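The residues making up each chain are set out below.
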Amino acid sequence: MSESFISAREIAAGVRSGEWTARQLVDEHLAAIAAGDGEIHAFLHVDVEGARAAADAVDAQVAAGEDPGPLAGVPVALKDNLTTRGVPTTCSSRILEGWRPPYDATVVARLAAAGAVAVGKTNLDEFAMGSSTENSAFGPTRNPHDTTRVPGGSSGGSAAAVAAGFAPVSLGSDTGGSIRQPAALCGVVGLKPTYGRVSRYGLIAFASSLDQVGPFARTVSDAALVLEVIGGHDPMDATSTTEDQPDYGAHLDDGVDGLRVGVITEMLEMEGVASEVVAQVRAAAEALAGAGAKVTEVSVPAVTYGLSAYYLIAPAEASSNLARFDGVRYGLRVDAPTTHEMMVATRTQGFGAEVKRRIMLGTYALSAGYYDAFYGQAQRVRTLITRDLAAAYEEVDVLLSPTSPTTAFALGDKTGDPLTMYLNDVCTIPSNLSGDPAISVPYGTGSDGLPIGVQVMATALAEVDLFRTARVLEGARP
Ligand code: GLN
């Protein structure tokens, strides 16, 4: 993996000053995709014509003396659960094959308005359910660092696209870790913003109380730049905050002098967390201490129940959200004599095994007689976790933990056992349940030479603290 890829900030600066054209940059990235994506399979759809037209429009603006915006000419890859007007959007599911949305997601429209150029739609686990991108109906994505390994998931295509140099930045969605875990496994930066920071209008819903859109980038600075563009209130998403965004870029170099950093004890001891990953988290904590942070270990007891609560709440919400795929309104329809049989046949053929498993788990957890014992109990655990994290944030400004328990595992390694797959999410789920922001930064490598990610978490709307901490870690990288 080369460290010499050009950043989004550099591309935009060069395009705005006329040093190079957006068309040149986009053509270079399209060429990289054409040369390398046969092996990686980060993309489900590459929009060559759309990208060239968008780049030409940016160049025309520059030629006319107008400013195309902070992402002028920057190629971006979009997870294929974000709607793109007239461009296929599948969620990696057969059930949406052939569907072309009539509208752009707000984040997609904001990127375009800032001068970014969408190059294509990236692979994911079907409906974002999974941790390896192997649940895609269109075949897995491979990790650019080692093509026998998974890129993580569910936003594996977006993570791999950035790691492979197909685009400097991309968008993913994170319901239980789907931006941060693949970022860790692919050695890139991945941010899950605060719930409500970024509009979900046009993000095809998985679990609505948890879903958030966020960026992948090769640098912390680029991730901040993308958040600046996509974040902020959207009248089309009632859950988006009316709170103004801070100027993230202005605080990138604030450093960590005096910042209170807590390493979460329970997350160093969780099931399956490799000792080499724990070692890198400790090394990262030392690097922060060396830069002036006050580092302590803090206990956040309830996080150990996060996984169990999530795998009731997320499927429950999914079972309801996915009811809309009925053969009537979108994509696939398998004809049958009656409407009911048509719906059954469409859903039977259209959904993959993991999606069906989640729908069944969720429907069960919500059913009369079981609701209180499963869904109700999980919601109470969610409240406990939120409270424990809030208590920790009284003591410290940011929390530190592993992102993923291990480095990238081999393709096929965990497909036979859903529970083993779910264990990937132990460290990332708590901040989805609490709605707080978290970022994964590459920090060191495992004995297999593959990247390890360190997770930095903060209280709601404190992304500025995530970025300044992540910046220091980026600079101190072993
Ligand atoms: N791996 C988790 C799951 O399978 C998280 C998915 C996500 O964040 N979209 O549900």
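Residues numbered from 1 in each chain as written. Predicted model: local features only at pLDDT ≥ 70, side-chain atom pairs only at ≥ 80, totals over all residues. Heavy atoms only, no water.

Asks: I'd like a rundown of the overall build of the protein, residues and numbers included.
Replies: A count of helices and strands for the protein gives 16 helices and 11 strands. Here the C-alpha radius of gyration of the protein, 21 Å, is about what a compact globule of 478 residues would show, namely 23 Å. Counting over 478 residues, the protein shows a buried share of 58%. The long-range fraction of contacts in the protein, counting pairs at least 24 apart against all pairs at least 6 apart in sequence, stands at 76%. (Helix = DSSP H or I, 4+ residues; strand = E, 2+ residues; numbered from the N terminus. Rg over C-alpha atoms; globule rule 2.2 N^0.38 Å. Buried < 20%, exposed > 50% of the residue type's maximum accessible area, 1.4 Å probe, protein only. Contact = heavy atoms within 4.5 Å.)

Asks: Which residues make up the packing of helix H10 (residues 306–321) against helix H12 (residues 353–366), and what values go with them?
Replies: One way to put it is that H10 packs onto H12 with a least axis distance of 7 Å and a crossing angle of 100 degrees. Relative to H12, the element H10 lies roughly perpendicular. Across the interface between the two elements, Tyr-311, Leu-312, Pro-315, Ala-316 and Ser-319 of H10 pack against Arg-358, Ile-359, Leu-361, Gly-362, Thr-363, Ala-365 and Leu-366 of H12. Its residues assigned to classes, the contact of H10 with H12 comprises 8 nonpolar, 3 polar and 1 charged. (Axes fitted to C-alpha atoms, helices over the stretch in contact; angles between N-to-C directions. Parallel < 35°, antiparallel > 145°, perpendicular 65-115°, else oblique. Nonpolar A, V, L, I, M, F, W, Y, C, P; charged D, E, K, R; others polar.)

Asks: Can you explain the side chain of Thr-133? Please cite residues and give values.
Replies: Along the chain, Thr-133 falls in the loop between strand E3 (117–122) and helix H5 (156–163). A polar contact of 2.6 Å, which involves the side chain of Thr-133, links it to the backbone oxygen of Gly-152. Apart from the residues lying within four places of it in its own chain, the contact partners of Thr-133 are Asn-123, Leu-124, Asp-125, Gly-139, Pro-140, Thr-141, Pro-151, Gly-152, Gly-153, Ser-154, Gly-156 and Gly-157. (Polar contact = N/O pair within 3.5 Å; in protein donor to acceptor, adjacent residues only side chain to side chain.)

Asks: Give a description of the pairing of strand E4 (residues 169–174) that names residues and reports values.
Replies: Of all 6 residues that make up E4, 6 are buried, and the element is covered over most of its length. Burial along E4 is two-sided: Val-169, Leu-171 and Ser-173 facing one way and Ser-170, Gly-172 and Asp-174 facing the other are all buried. Pairing between strand E2 (residues 75–79) and E4: 3 bridges, direction parallel. The partner of Leu-78 across the bridge, within E4, is Leu-171. Two elements, E4 and strand E6 (residues 212–217), share 6 bridges in a ladder whose sense is antiparallel. Bridge pairing in E6 places Ser-173 opposite Val-213. (Pairing = 2+ DSSP bridges.)

Asks: Kindly report on the pairing of strand E11 (residues 451–458), identifying the contributing residues and their values.
Replies: Taken across its 8 residues, E11 has 8 buried, putting it largely inside the fold. What you see with E11 is no split at all: Pro-451, Gly-453, Gln-455 and Met-457 on one side and Ile-452, Val-454, Val-456 and Ala-458 on the other are buried throughout. Bridge count between strand E10 (residues 438–445) and E11: 6 bridges; the pairing is antiparallel. Each bridged residue has a counterpart across the sheet, and for Ile-439 the counterpart in E11 is Val-456. In textbook terms, the turn of a hairpin is the stretch between consecutive antiparallel strands, and for E10 and E11 this stretch comprises 5 residues, one of which, Gly-449, has a positive phi near 80 degrees.

Asks: Could you give me a rundown of the packing of aromatic side chains, with the residues and numbers involved?
Replies: Summed over the entire model, instances satisfying the criterion amount to 13 aromatic pairs. The interplanar angle of 40 degrees and the centroid separation of 6.3 Å between the aromatic rings of Phe-43 and Phe-166 together place this pair among those described as tilted. Note that Phe-43 is positioned in strand E1 (residues 43–46) and Phe-166 in the loop between H5 and E4, a separation of 123 residues in sequence. Each member of the pair, Phe-43 together with Phe-166, is buried. Ring pairing ties together the aromatic residues Trp-99, Phe-127, Phe-325, Tyr-330 and Phe-351, which thus form one cluster. Over the aromatic face of Phe-409 sits the side chain of Lys-414, whose NZ or CZ is 4.6 Å from the ring centroid. (Phe/Tyr/Trp six-rings, centres within 6.5 Å; stacked < 30°, edge-to-face > 60°. Lys NZ or Arg CZ within 6 Å of the ring centre and 35° of its normal.)

Asks: Any details on empty space enclosed by the protein? Residues and values, ideally.
Replies: Enumeration according to the criterion identifies 1 cavity of 30 Å³ or more in this entry. The volume enclosed by the largest cavity comes to roughly 70 Å³. In terms of lining residues, the largest cavity is bounded by 14 residues, among which Ala-128, Gly-130, Ser-178, Tyr-310 and Asp-425 are the most central. For the lining of the largest cavity, a count of residues per class yields 5 nonpolar, 7 polar and 2 charged. (1 Å grid on protein atoms, 1.4 Å probe; cavity = no way out; pocket = protein on both sides within 12 Å on 5 of 7 lines; lining within 4 Å. Points joined across faces, edges and corners; volume = space filled by probe spheres on them.)

Asks: Could you give an account of the pattern of salt bridges, with specific residues and numbers?
Replies: If charged atoms from side chains of opposite charge come close, those side chains can pair. Counted by the stated rule, this structure contains 18 salt bridges. A salt bridge links Arg-23 to Asp-56; the nearest nitrogen and oxygen atoms lie 2.9 Å apart. With Arg-23 in helix H2 (residues 22–40) and Asp-56 in helix H3 (residues 48–63), the pair connects residues that are 33 residues apart, well separated along the chain. We note a salt bridge from Glu-354 to Arg-358, for which the minimum N-O separation is 2.6 Å. Here Glu-354 and its partner Arg-358 are both found in helix H12, 4 residues apart, which amounts to about one turn of the helix. Note on Glu-354: relative accessible area 9%, which makes it buried. (Salt bridge = Lys/Arg side-chain N within 4 Å of Asp/Glu carboxyl O.)

Asks: Would you mind going over the environment of Leu-124 in detail, with residue names and values included?
Replies: Structurally, the position occupied by Leu-124 is in the loop between E3 and H5. Assessed through its relative accessible area of 0%, Leu-124 is described here as buried. When the C-alpha atoms of Leu-124 and Phe-138 are compared, they prove to be 9.3 Å apart, with 14 residues separating the residues in sequence. Discounting residues that sit within four places of it in the chain, Leu-124 has contacts with Lys-79, Asp-80, Asn-81, Cys-91, Ser-92, Thr-133, Ser-136 and Ser-154.

Asks: Residue-level account of the site of the ligand, with values.
Replies: Neighbouring the ligand are 15 residues, the closest being Thr-175, Gly-176, Ser-178, Tyr-310 and Arg-358. At a separation of 2.6 Å, an oxygen atom of the ligand approaches a polar side-chain atom of Ser-178. Taken by itself the ligand offers 290 Å² of open surface, and the protein chains cover 100% of this. One can see that the ligand is located within the largest cavity. A class-by-class count of the residues in the shell around the ligand yields 5 nonpolar, 7 polar and 3 charged. (Near = heavy atom within 4 Å. Areas by Shrake-Rupley, 256 points an atom, 1.4 Å probe, with all protein chains shown as cover. Sits in = over half its atoms within 2 Å of the grid points.)

Scope: geometric values only; no functional claims are made or implied.
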